[in-house]
Amino acid sequence: GNSVTQMEGPVTLSEEAFLTINCTYTATGYPSLFWYVQYPGEGLQLLLKATKADDKGSNKGFEATYRKETTSFHLEKGSVQVSDSAVYFCALDSSGAGSYQLTFGKGTKLSVIP
Amino acid sequence: DAGVTQSPTHLIKTRGQHVTLRCSPISGHKSVSWYQQVLGQGPQFIFQYYEKEERGRGNFPDRFSARQFPNYSSELNVNALLLGDSALYLCASSWATGNTEAFFGQGTRLTVV
C-alpha cells in the first residue's frame with residue numbers, strides 16, 4: 001500500500017536558519033506529491049506540489065523536488081521566519097484519474113525562535 | 001469568497017451515540033472528501049464524493065457513512081461512537097477529481113467521552 005514517512009519532530013530553529021524536512025514515500029504508479037502546512041487552530045493549506053519526476057514545487061520561499069530514484073520529496077527553505085512555525089505534512093495521491101485521495105505522513109512540527 | 005465551512009466546530013458525545021458532521025464546499029466545487037486526524041498524526045482518508053456519488057472509501061468500519069447533496073454539501077455520519085473516534089474531522093473540497101487542488105476546512109473537533 002501507499003505510505004509516507006517524514007522525519008520525526010519537533011524541529012526547533014533560530015530565525016534565518018536553513019530548513020530541511022525529509023520525506024520519503026512508497027506508492028504504486030506515479031503519484032503526485034504535496035506539502036501541506038497546518039497553522040495552530042487552522043485547517044490544512046497546500047504549500048506546494050509536484051506531479052511528475054524531477055518537477056520542483058515552490059511557494060513562499062519553500063521548495064521541494066520530486067526525486068523518483070530516491071522516492072523522496074524533501075522540503076527546504078533557505079531562511080526561516082517566526083511566522084513559518086507550524087506543522088508540515090508530506091502527502092501523496094496515487095489514486096489516479098477520477099479521485100483525489102491523499103495519503104499523509106505523520107507531520108513535522110516546526111518552531112522558529114527569534 | 002467563502003472557503004470550506006464545517007459545522008459544528010466542536011462537539012462532545014458519549015460512547016454509543018451517533019454524530020453527524022456537516023461540510024459546505026467552496027462555491028462551484030463538486031468534489032468533497034473527508035479525513036480523520038487523530039491528535040499527533042496525519043489525516044487519514046475516509047470518503048470522497050463527486051457529483052453525489054461515492055468515488056473512494058478509506059479503511060474505516062461501516063459505522064462511518066457519508067452522503068453528498070444536490071447542492072454539493074456533505075454529511076459524515078458515525079454510529080456507535082467509540083473513544084477512539086475522538087479526532088479532528090476535516091472536509092476538503094475541489095472543483096473536480098484527479099489532479100486538482102483540494103481546499104480544507106478548519107475541521108470539527110469531536111470528543112467522545
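Here, the structure is the one placed above.
Residues take numbers from 1 onward in each chain, read along the sequence in its written order. Chains carry letters and ligands carry numbers; both start at the beginning, A for chains and 1 for ligands, and go up in the order they are written. Given that the model is predicted, a residue must reach a pLDDT of at least 70 before its local features are reported, and side-chain atom pairs must reach 80 or more before they are shown or counted; all residues, however, enter totals for whole chains, interfaces and linings. Here the side-chain values reflect all heavy atoms present in the structure, with hydrogen atoms and water set aside.

**Quick look at the sheet that holds strand E3 (residues 19-21) of chain A**
Residues and elements named next belong to chain A.
Phase 1 of the analysis: The antiparallel open sheet is built from four strands, whose spatial order is E3-E9-E8-E7. With partners counted over all chains shown, the strands left at the sheet margins are E3 and strand E7 (56-59), one partner each. Across this sheet, the average inter-strand angle for adjacent strands is 15°, counted without regard to direction. Only when DSSP finds a minimum of two bridges between them are two strands counted as paired. Helix and strand assignments come from DSSP, with helices taken as H or I runs of at least 4 residues and strands as E runs of at least 2, each series counted from the N terminus. Interaxial angle, 0 to 180 degrees, is taken between N-to-C directions of lines fitted to C-alpha atoms, where a helix line uses only the stretch in contact.

**Description of the environment of B:Ser31**
Residues and elements named next belong to chain B.
Phase 1 of the analysis: On the secondary structure map, Ser-31 appears in strand E4 (residues 31-37).
Phase 2 of the analysis: With a relative accessible area of 1%, Ser-31 lands in the buried category.
Phase 3 of the analysis: As for Ser-31 and Ala-102, which are separated by 71 residues in sequence, their C-alpha atoms are 8.8 Å apart.
Phase 4 of the analysis: Under this definition, polar contacts are N or O atom pairs within 3.5 Å; protein pairs additionally need one hydrogen-donor-capable and one acceptor-capable atom, and for neighbouring residues in sequence, both atoms have to be side-chain atoms. Here Gln-48 takes part through its side chain, which lies 3.0 Å from a polar atom of the side chain of Ser-31. Partly exposed describes any residue whose relative accessible area lies between the buried limit of under 20% and the exposed limit of over 50%, with all areas from a 1.4 Å probe on protein chains only and scaled to the type maximum.

**Let's talk about the state of the cysteines**
Phase 1 of the analysis: The definition used for a disulfide is geometric: two cysteine sulfur atoms within 2.5 Å. Per the counting criterion, the structure on display carries two disulfides over all chains.
Phase 2 of the analysis: Disulfide pairing is shown between A:Cys23 and A:Cys90; the S-S distance is 2.0 Å. Note on the A:Cys23 and A:Cys90 pair: the S-S dihedral is about -70°, so by sign convention the disulfide is left-handed. Residue A:Cys23 is located in strand E4 (residues 23-26), and its partner A:Cys90 is located in strand E10 (residues 86-93); the two are separated by 67 residues in the primary sequence. Residue A:Cys23 shares its accessibility class with A:Cys90, and that shared class is buried.
Phase 3 of the analysis: One disulfide in the model links B:Cys23 with B:Cys91; its S-S distance is 1.8 Å. Disulfide B:Cys23-B:Cys91: the torsion about the S-S bond is -65°, which places it as left-handed. Note that B:Cys23 is positioned in strand E3 (residues 19-24) and B:Cys91 in strand E9 (residues 87-94), a separation of 68 residues in sequence.
Phase 4 of the analysis: Here B:Cys23 falls in the buried class, since its relative accessible area comes to 2%.
Phase 5 of the analysis: According to the relative accessible area criterion, B:Cys91 is buried, its value standing at 0%.

**Brief notes about the nonpolar core**
Phase 1 of the analysis: The criterion is simple. A nonpolar core is a set of buried Ala, Val, Leu, Ile, Met, Phe, Trp, Tyr and Cys residues joined through side-chain atoms within 4.5 Å. By size, the foremost hydrophobic cluster in this structure holds 26 residues, and its most contacted members are A:Trp35, A:Leu48, A:Phe73, A:Leu75 and A:Tyr88.
Phase 2 of the analysis: If you list the elements that add at least two residues to this core, you get strand E2 (11-14), E3, E4, strand E5 (32-38), strand E6 (44-50), strand E8 (62-65), E10 and strand E12 (108-113) of chain A.
Phase 3 of the analysis: Ranked by the residues each element gives to this core, the list is headed by E10(A), at four residues.
Phase 4 of the analysis: In this structure, B:Val4, B:Ile46, B:Phe60 and B:Phe64 belong to the second largest nonpolar core, which totals 22 residues.

**A short note on the packing of aromatic side chains**
Phase 1 of the analysis: Stacked, tilted and edge-to-face pairs are distinguished by plane angle, under 30 degrees for stacked and over 60 for edge-to-face with tilted covering the rest, among Phe, Tyr and Trp rings (Trp via its six-membered ring) whose centres lie within 6.5 Å. Within the structure shown, the criterion is met by twelve aromatic pairs over all chains.
Phase 2 of the analysis: Judged by centre distance (6.2 Å) and plane angle (35°), the rings of A:Phe34 and A:Tyr36 are tilted.
Phase 3 of the analysis: Residue A:Phe34 is classed as buried on the basis of its relative accessible area, which comes to 0%.
Phase 4 of the analysis: Ring geometry for B:Phe60 and B:Phe64: centres 5.1 Å apart, planes at 65°, overall edge-to-face.
Phase 5 of the analysis: Given a relative accessible area of 13%, B:Phe60 falls into the buried group.
Phase 6 of the analysis: Classification of B:Phe64 as buried rests on a relative accessible area of 1%.
Phase 7 of the analysis: Taken together, A:Phe34, A:Tyr36, A:Phe89, A:Phe104, B:Tyr35, B:Phe45 and B:Phe104 form an aromatic cluster joined through their ring pairs.

**A few points about the environment of B:Ala96**
All names here are of chain B.
Phase 1 of the analysis: By secondary structure assignment, the location of Ala-96 is in the loop between E9 and strand E10 (103-104).
Phase 2 of the analysis: Look at Ala-96 and you get buried, because its relative accessible area is 11%.
Phase 3 of the analysis: Between the alpha carbons of Ala-96 and Tyr-50 there is a distance of 7.3 Å; along the sequence they are 46 residues apart.

**Quick notes on the sheet that holds strand E1 (residues 5-7) of chain B**
All names here are of chain B.
Phase 1 of the analysis: Sheet architecture is open: four strands sit in the order E1-E3-E8-E7, paired in antiparallel fashion. Across the chains shown, the open sheet's two edge strands, defined by having one partner strand only, are E1 and strand E7 (64-68). Mean inter-strand twist for the sheet, computed between neighbouring axes without regard to direction, equals 15°.

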